[in-house]
Amino acid sequence: MKLESAVVISNTKVYENTYVTWFHAPELASGVSPGQFLMMHCSNDRRDPYFARAFSYHRIDGERFAILYAVVGRGTAFLASLTGGDIVQAYGPLGKGFRLPGERGNLLLLAGGVGVAPMVDTAERAVAAGHAVVAMMGARSAAGLLPAGHWPADVEYITVTEDGSSGLAGRVTEALGEYQPWASRIYACGPNAMFRSLAEVLRHNGRHQRPEILMEENMPCGWGMCYGCAVFTRRGVRLCCKDGPRFNLFDVFP
Amino acid sequence: MQPNLQVDLAPGRKRDLVLKNPVMPASGTFSWGFDFAARFDIEALGAVVSKGITRFPRQGNQQPRVAETPMGMLNSIGLQSVGLDAVIDDLAPQWSRWGVPVIANVAADTVAEFGEMARALDGLPGIAALELNISCPNVDAGGIEIGQDPVASGRATEAAVRNTDLPVIVKLTPNVTDPVALARACEDAGASAICAINTVLGLAIDTKRRRPVLPRARGGLSGPAIKPIALRMVYDVARAVNVPVIGCGGIESGEDAIEFLMAGATAVQVGTATFANPRALLDVIEGIEAWLVREDVADVHEIIGCAQPQPV
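Note that the structure is predicted; figures quoted are calculated from it, not measured.

Concerning the overall build of chain A
When its secondary structure is counted, chain A shows five helices and 16 strands. Taken against the 2.2 N^0.38 rule, which gives 18 Å for 254 residues, the C-alpha radius of gyration of chain A at 17 Å falls within 12% of a compact globule. Viewed in the frame of its principal axes, chain A has a C-alpha envelope of about 50 × 40 × 35 Å. In chain A, buried positions account for 57% of the 254 residues. Considering only contacts within chain A whose residues lie at least 6 apart along the sequence, 65% involve residues at least 24 apart. Averaging the coordinates of the 24 positive side-chain charges in chain A and doing the same for the 23 negative ones gives two points 7 Å apart.

This is the structure:
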């Protein structure tokens, strides 16, 4: 964990109410594993809001990193208003990220809504390591999907919408189809409802795929001090920020 | 000249409690110390204060456990704890290797259990003092219903003091009309020091669900929002007792800490600020030192209680 001032390079609306902000911050961008996160203050003076917010690393490029977020409150509205040269305080990287396999495999990445944020960095690293990658993203409608150009070229990108306005119709967990048996490993990030139905689907024929999930809880501190972000698992109570945010799917949703 | 920052929180007791500077974390905002030690110099702190130690391991409360509020937060963690045996077997041996005193925060369910736990921790290498948690608002037993009653608070203090040579600090709740009566009862029962304050009872409502945010409804308010309440209690308690007072509540800078020292605190605890700024404890230590240098104060004792009507 390093504390650093992150300098805004660019800020772009990528779809609906969702933004990608790039920062220059050599310390925050180094030694990050996919699925890790950082805590970013969403105010100029760290007064209001008082606590930093947790954001997944969306992409990393040398001394620069990007976060992807939906504007849902004061903090994210502040971030969306930043322009080049603005400075925010942050600390990271934090938590435990995905464990990508050592040998070449077929990786299925599942994203529900803004849960797509960590999946692009994960896909970039997986492709670089020689894995075959299919990424599925689910949203209510086409307007809520990350445009295909944001994924590495070698990733097969499948979209799933509840209203059928783009790609497959339904939810990600209903649209797994042929991709589920194809996968040697499965990684997911999205709402708990998605994890619950993923566990239903994979309970009988997906245990060997050792599905890993990135969870989200309220995290005032992000580094294991406040105990606010408890996750109740089969192995006992864990802290999302420190023991996670990566958990084995079946430990949390048995 | 570097100003003297060293303080003793148990002068004249069987065991002293000398801190190289008057700054320590607040219990429950620092876990068991290891996360900090892995990233910062833990020996820069005046002392370490453990998370609340319960007799048996506790899972803590269900989600949601926290709610952010203006300049602070409500928590209802519910004393998630590894339990006494794990502290004795696993944690204290590691603490004993740190060049900083570790104060064990003891959260018992009953007066008798405070005595049993004090005896179990007495003489254990790695533990320099006990802090009795009679003021947790987020559990059903042992916390606040002892801590809101001067008689019960005195009995819990006495039970602990009788069973250990370690200095016993008692941490008070602000959720009473007369904190001075509590402080006096604890002092009379043998407390080496008084810590004020634990969290302030509060409530947040989720308007969408039309229910309180926290499952137990009430939570403990902490952060800069409660600093004036804490300062007032320290000011009142420090004048009423002869033992050292540890100030706690909303401290996030050297300037904040100086205010508490002037109100009569001999040391301070930094809690919620650590969540917003991982370096908060170090910032407070450096801030106190910088203030003393700037004001040409050679010894921190020169300002302790200086804002009292008559210096304490």
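Further notes follow.
Section: the sheet that holds strand β14 (residues 218-222) of chain B
Residues and elements named next belong to chain B. The four strands lie next to each other as β5-β6-β14-β11, forming an open sheet whose pairing is antiparallel. Edge positions in the open sheet fall to β5 (66-69) and β11 (200-203), since each of these has one partner strand only. Taken over all neighbouring pairs, the strand axes of this sheet differ in orientation by 40° on average, direction set aside. By the bridge criterion, four bridges tie β11 to β14 in an arrangement that is antiparallel.

Quick notes on the sheet that holds strand β2 (residues 18-24) of chain A
All names here are of chain A. Read across the open sheet, the seven strands follow the order β4-β3-β7-β1-β2-β6-β5; overall the sheet is antiparallel. Two strands close off the open sheet at either side, each with one partner strand: β4 (53-56) and β5 (59-61). Put simply, the sheet's adjacent strands are angled 35° from each other on average, direction ignored. For strand β3 (residues 37-40) and β4, the ladder comprises four bridges, and the chain directions are antiparallel. In the sheet register, M40 faces β4, and the bridge partner there is R53. Of the strands in this sheet, β4, β5 and β6 (64-70) touch helix α2 (residues 117-128), which is tilted by about 50° from β5.

So, unusual backbone geometry
Each neighbour pair has its own omega, and for G244 of chain A with P245 of chain A the value is 5°, a cis peptide bond. Mapping P245 of chain A onto the fold places it in the loop between β15 (236-239) and β16 (246-248). Although it is not a glycine, M71 of chain B sits at a positive phi angle of roughly 55°. Relative to the assigned elements, M71 of chain B resides in the loop between β5 and β6 (72-75). One non-glycine residue with positive phi stands out, namely R210 of chain B, at about 60°.

Topic: the domain arrangement of chain A
Residues and elements named next belong to chain A. Split by domain assignment, chain A resolves into domain 1 (2-94) and domain 2 (106-214). If you average the C-alpha positions of domain 1 and of domain 2, the two centres end up 24 Å apart. Across the boundary between the two partners, domain 1 contributes 15 residues, which contact 18 residues of domain 2. Taking both partners together, domain 1 and domain 2 bury about 1300 Å²; carbon and sulfur atoms supply 60% of that area. When the area that domain 1 buries against domain 2 is broken down by residue, the three leading residues are Y15, P34 and H58, summing to 38%. At the boundary of domain 1 with domain 2, the tally comes to one salt bridge. On inspection of domain 1 and its partner domain 2, the count reaches four residue pairs in polar contact (both at pLDDT 80 or more).

As for helix α10 (residues 280-294) of chain B
Residue and element names in this part refer to chain B. For α10, with 15 residues, the first-to-last C-alpha span of 20 Å sits near the 21 Å given by 1.5 Å per residue. Where α10 is concerned, the buried positions are A280, L281, L282, V284, I285, I288, W291 and L292. The inward-facing, buried residues of α10 abut β3 (23-25), α1 (34-37), α8 (254-263), β16 (267-270) and α9 (273-276).

Overview of the side chain of R65 of chain B
Mapped onto the elements, R65 of chain B comes out in the loop between β4 (48-49) and β5. Separated by 2.6 Å, the side chain of R65 of chain B and the backbone oxygen of N61 of chain B make a polar contact.

Points about the pattern of salt bridges
Working definition: two side chains of opposite charge can pair if their charged atoms are close together. Residues and elements named next belong to chain A. Scanning all chains against the criterion turns up 22 salt bridges over all chains. Among the salt bridges present, the one from R234 reaches D251, with a minimum N-O distance of 2.8 Å. Residue R234 is found in the loop between β14 (230-233) and β15, and its partner D251 is found in helix α5 (residues 249-252); the two are separated by 17 residues along the sequence. Take D251: its relative accessible area is 8%, and that puts it in the buried class. If you follow the salt bridges from partner to partner, you end up with R99, R185 and E212 in one network.

Regarding the interface of chain A and chain B
Each side of the interface is counted separately: chain A has 28 residues, and chain B has 32 residues. Taken together, the two surfaces of chain A and chain B that pack against each other cover about 2700 Å², and 59% of this comes from carbon and sulfur. Three residues stand out in chain A for area buried against chain B, namely Y50, M225 and Y227 of chain A, and they jointly supply 28% of the buried area on that side. We note a salt bridge from K242 of chain A to D35 of chain B, for which the minimum N-O separation is 3.2 Å. Here chain A and chain B share twelve residue pairs in polar contact (both at pLDDT 80 or more) between them. Among the elements of the structure, β7 (87-94), β14 and β15 of chain A are those that each provide at least two residues to the side of chain A that touches chain B. Within the side of chain A that touches chain B, the residues separate by chemical class into 18 nonpolar, five polar and five charged.

Rules and cut-offs
Residues numbered from 1 in each chain as written. Chains lettered and ligands numbered in written order. Predicted model: local features only at pLDDT ≥ 70, side-chain atom pairs only at ≥ 80, totals over all residues. Heavy atoms only, no water. Helix = DSSP H or I, 4+ residues; strand = E, 2+ residues; numbered from the N terminus. Rg over C-alpha atoms; globule rule 2.2 N^0.38 Å. Buried < 20%, exposed > 50% of the residue type's maximum accessible area, 1.4 Å probe, protein only. Contact = heavy atoms within 4.5 Å. Lys, Arg positive; Asp, Glu negative; His and termini not counted. Charge placed at Lys NZ, Arg CZ, Asp CG, Glu CD. Pairing = 2+ DSSP bridges. Axes fitted to C-alpha atoms, helices over the stretch in contact; angles between N-to-C directions. Domains from an automatic or database assignment. Buried area = accessible area lost by both parts, 1.4 Å probe. Salt bridge = Lys/Arg side-chain N within 4 Å of Asp/Glu carboxyl O. Polar contact = N/O pair within 3.5 Å; in protein donor to acceptor, adjacent residues only side chain to side chain. Expected span 1.5 Å × (residues − 1). Nonpolar A, V, L, I, M, F, W, Y, C, P; charged D, E, K, R; others polar.

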